[in-house]
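Fold and contact review
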Amino acid sequence: MSSLLRRLQRNALRKSADYEPNTQPTVVYPDGSYRTLHPTRGWRYISAKRLQAQQWMAGLLDHAIPERIRKPARLWRKPAPPAPSIDTRQQRRHRERQARA
């Protein structure tokens, strides 16, 4: 099975209504710090002081940085040519001469 097909199957499974992600093993300590099991690095310890600093910084950044104004998407193609007129140049010039006379 190709990796693209497998990825599409995983995404479809995640989007289904009854999908529940696997819970990550976490141990919470009384002081607010915690340990969590990282898939490749083993148990990672997060101190309460670091967690508090992260939350404080997130609160500051949430209020300090204004929301970015989104630019409209660029269309990297030539603009459509004007609709061609039904008359040829020769016919238009003839009509203009007739109108003047």
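The following paragraphs examine the structure supplied in this document. Note that the structure is predicted; figures quoted are calculated from it, not measured.

1. Structural notes on the overall build of the protein
Regarding its fold elements, the protein presents three helices and three strands. Reading the helices (α) and strands (β) of the protein from amino to carboxyl end gives α-β-β-β-α-α. The globule rule puts the C-alpha radius of gyration for 101 residues at 13 Å, and the 32 Å found for the protein is more than 25% above it. Expressed along its principal axes, the backbone C-alpha trace of the protein runs to roughly 100 × 45 × 25 Å. Relative to its full complement of 101 residues, the protein shows a buried share of 3%. The long-range fraction of contacts in the protein, counting pairs at least 24 apart against all pairs at least 6 apart in sequence, stands at 0%.

2. Regarding the pattern of salt bridges
Summed over all chains, the structure comprises one salt bridge. Note that Asp87 and Arg95 form a salt bridge whose closest N and O atoms lie 2.5 Å from each other. Since its relative accessible area comes to 45%, Arg95 is described here as partly exposed.

3. Some remarks on the sheet that holds strand β1 (residues 26-28)
Here three strands make up an open sheet; going across it, the order is β1-β2-β3 and the pairing antiparallel. For this open sheet the edge positions go to β1 and β3 (42-46), each flanked by a neighbour on one side alone. This sheet shows a mean twist of 20 degrees between the axes of neighbouring strands, independent of strand direction. Note: β1 against strand β2 (residues 34-38), three bridges, orientation antiparallel. Its bridge partner lying in β2, Thr26 is registered against Thr36.

4. Focus on a nonpolar patch on the surface
Taken together, the side chains of Trp56, Met57, Leu60, Leu61 and Ile65 present a nonpolar region at the surface, about 530 Å² in accessible area. Residue position: Met57 is located in helix α2 (residues 48-64).

5. A few points about the pairing of β3
Two strands pair when backbone bridges link them, and β2 and β3 are joined in this way by five bridges, in the antiparallel orientation. Across the sheet, Thr36 pairs through a bridge with Arg44, a residue of β3. Taken together, β2 and the strand that follows it, β3, pair antiparallel across an intervening segment of three residues.

6. Here we look at a positive patch on the surface
Taken together, Arg89, Arg92, Arg93, Arg97 and Arg100 make up a surface patch of like positive charges. Along the chain, Arg93 turns up in helix α3 (residues 89-100).

7. Considerations on the side chain of Ser33
Checked against the element boundaries, Ser33 lands in the loop between β1 and β2. Of note is the side chain of Ser33, whose polar atom sits 2.7 Å from the side chain of Asp31. A polar contact of 3.1 Å, which involves the side chain of Ser33, links it to the side chain of Tyr45. Contact partners of Ser33, with chain neighbours within four places excluded, come to Val27, Val28, Tyr45, Ile46, Ser47 and Ala48.

Cut-off values and rules
Residues numbered from 1 in each chain as written. Predicted model: local features only at pLDDT ≥ 70, side-chain atom pairs only at ≥ 80, totals over all residues. Heavy atoms only, no water. Helix = DSSP H or I, 4+ residues; strand = E, 2+ residues; numbered from the N terminus. Rg over C-alpha atoms; globule rule 2.2 N^0.38 Å. Buried < 20%, exposed > 50% of the residue type's maximum accessible area, 1.4 Å probe, protein only. Contact = heavy atoms within 4.5 Å. Salt bridge = Lys/Arg side-chain N within 4 Å of Asp/Glu carboxyl O. Pairing = 2+ DSSP bridges. Axes fitted to C-alpha atoms, helices over the stretch in contact; angles between N-to-C directions. Patch = residues over 30% accessible without salt bridge, like charges linked within 9 Å, V, L, I, M, F, W, Y side chains within 5 Å. Areas by Shrake-Rupley, 256 points an atom, 1.4 Å probe, with all protein chains shown as cover. Lys, Arg positive; Asp, Glu negative; His and termini not counted. Charge placed at Lys NZ, Arg CZ, Asp CG, Glu CD. Polar contact = N/O pair within 3.5 Å; in protein donor to acceptor, adjacent residues only side chain to side chain.

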